[in-house]
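Coordinates in review
Single-letter residue listing:
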Amino acid sequence: MKNKTILIILGLIIVLGLAGYFFFQKSRSGSSSEFQLPQLPTLPEEFQPIQPTQQTPETATQPELTEPQIEQIQPQTQNIVIYTDSGFSPNTLRIKLGETVTFKNQSSRAMWPASDHHPTHRLYSGTSLAEHCPDTEGTAFDACTGIQPGNSWSFTFNKKGTWPYHDHLNPSFTGTIIVE
Ligand SMILES: [Cu+2]
């Protein structure tokens, strides 16, 4: 029984091999019109393989935010001193050389910020009130006039040091600007 099965299998292999050989010979000698490879069935459009899409310009050119750019976006710190009926706040303010301090009058009366020492105001500029007012050059730490409620006065510090000041109209109100 086993031998018979083996014989049948061998026979099938031989027959298939011969058939394949003749088929191959025919396809080699025959013209292309006689023998055509079967065409693969075309897939419906929805089953077509997805073509890799090109990168859109938006994502391709989008710049990455770097740390220096983030720093540029951040607003500059403002140096503001508020003057109220109880005096200057903050009482001591540290700034960098070349920075500007804005004194805002939120009190009910006029203010006159000026460098110590009252009444001459010589400490910052080395000149007296009579010499440096009106301070058109912006070199004396002296408002040189009363600043009305709701108004403000700004001064740019171009000298390093500790600069005490007072309200010339109410000299008991004092403060200090430290320029580093
Ligand atoms: Cu004064």
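Residues numbered from 1 in each chain as written. Predicted model: local features only at pLDDT ≥ 70, side-chain atom pairs only at ≥ 80, totals over all residues. Heavy atoms only, no water.

1. Side note on the pattern of salt bridges
Just so we agree on the cut-off: The salt bridge criterion pairs a side-chain nitrogen of Lys or Arg with a carboxyl oxygen of Asp or Glu, the two atoms within 4 Å. Here a helix means four or more residues in a row that DSSP labels H or I, a strand means two or more in a row labelled E, and each is numbered from the N terminus. Whether a residue is buried, partly exposed or exposed follows from its accessible area with a 1.4 Å probe, protein chains only, as a fraction of its type maximum: under 20%, in between, or over 50%, in that order.
Tallied over the full model, the rule gives 2 salt bridges. As a salt-bridge pair, arginine 94 and glutamate 180 come within 2.5 Å of each other at their nearest N and O atoms. Of this pair, arginine 94 sits in strand 3 (residues 92-95) while glutamate 180 sits in the segment after strand 8 (170-179); the two residues are 86 residues apart in sequence, bridging distant segments of the chain. The exposed category is assigned to arginine 94, whose relative accessible area is 54%. Among the residues examined, glutamate 180 registers a relative accessible area of 43% and is labelled partly exposed. Two residues, glutamate 131 and arginine 122, come together in a salt bridge whose shortest N-O distance is 3.9 Å. Judged by relative accessible area, which is 41%, arginine 122 ranks as partly exposed.

2. Notes on the coordination of the copper ion
As a reminder of what qualifies: Water is not among the atoms examined, so metal sites may look incomplete; donors are the N, O and S atoms within 2.8 Å of the metal, or within 3.2 Å for Na, K and Ca. Square planar and octahedral assignments, for four and six donors respectively, both demand that opposite donors be over 155 degrees apart and that all other angles lie between 65 and 115; tetrahedral needs four donors with all angles between 85 and 135 degrees, and anything else is irregular.
On the protein side, the copper ion has His118 (ND1), His121 (NE2), His166 (NE2) and His168 (ND1) as donor atoms, found 2.0 to 2.1 Å from it. In this structure, the copper ion is surrounded by 4 donor atoms whose angles at the metal cover 91 to 144 degrees, and the resulting shape is irregular. The motif formed by the donor residues of the copper ion, counted along the single chain, is H-x2-H-x44-H-x1-H. Of the two residues, histidine 118 sits in the loop between strand 5 (113-115) and helix 4 (129-132) while histidine 166 sits in strand 7 (residues 161-167), which places them 48 residues apart along the sequence. Residue class for histidine 166 comes out buried when judged on its relative accessible area of 1%.

3. Remarks on unusual backbone geometry
Keep in mind that most residues, glycine aside, have a negative phi and that most peptide bonds are trans. Cis geometry is adopted by the peptide bond preceding histidine 117, which originates at aspartate 116 and carries an omega value of 0 degrees. The omega torsion across cysteine 133 and proline 134 is -5 degrees, close enough to zero to call that bond cis. On the secondary structure map, proline 134 appears in the loop between helix 4 and strand 6 (152-156). A positive phi angle, near 65 degrees, is found at histidine 121, a position not held by glycine.

4. Things to note about the nonpolar core
Selection criterion: As used here, the term nonpolar core means buried Ala, Val, Leu, Ile, Met, Phe, Trp, Tyr and Cys residues forming a set that is joined through side-chain atoms within 4.5 Å. Every residue pair with non-hydrogen atoms within 4.5 Å of one another is taken to be in contact.
In this structure, Val81, Val101, Phe103, Phe141, Phe157 and Ile177 are the most contacted members of the largest nonpolar core, which totals 22 residues. Among the elements of the structure, strand 1 (79-84), strand 3, strand 4 (100-105), strand 6, strand 7 and strand 8 are those that each provide at least two residues to this core. The element that contributes the greatest number of residues to this core is strand 8, accounting for 3 residues. Contacts of valine 81, omitting those with residues within four sequence positions, involve Phe88, Ser89, Pro90, Leu93, Val101, Thr102, Phe103, Lys104, Tyr165 and Ile177.

5. Observations regarding the environment of proline 90
Along the polypeptide, proline 90 turns up in the loop between strand 2 (87-89) and strand 3. Expressed as a C-alpha distance, the spacing of proline 90 and isoleucine 80, which sit 10 residues apart in the sequence, is 8.3 Å.

6. Looking at the environment of phenylalanine 103
Note on placement: phenylalanine 103 falls in strand 4. Measuring from C-alpha to C-alpha, the distance between phenylalanine 103 and alanine 143 comes to 9.9 Å, with 40 residues separating the pair along the chain. What phenylalanine 103 contacts, discounting residues up to four positions off in sequence, is Val81, Phe88, Met111, Pro113, Phe141, Asn151, Ser152, Trp153, Tyr165 and Ile177.

7. Regarding the environment of tryptophan 112
Basically, it comes down to this: Here a polar contact means two N or O atoms within 3.5 Å. Within protein one must be a hydrogen donor candidate and the other an acceptor candidate, and residues neighboring in sequence count only if both atoms are side-chain atoms.
In this fold, tryptophan 112 is placed in the loop between strand 4 and strand 5. Sequence spacing of tryptophan 112 and cysteine 144 is 32 residues, and the spatial spacing of their C-alpha atoms is 7.0 Å. Ignoring sequence-local partners within four residues, the contact set of tryptophan 112 consists of His121, Leu129, Asp142, Ala143, Cys144, Thr145, Gly146, His166, Asp167, His168 and Leu169. Only 2.7 Å separates the side chain of tryptophan 112 from the side chain of aspartate 142, close enough to count as a polar contact.

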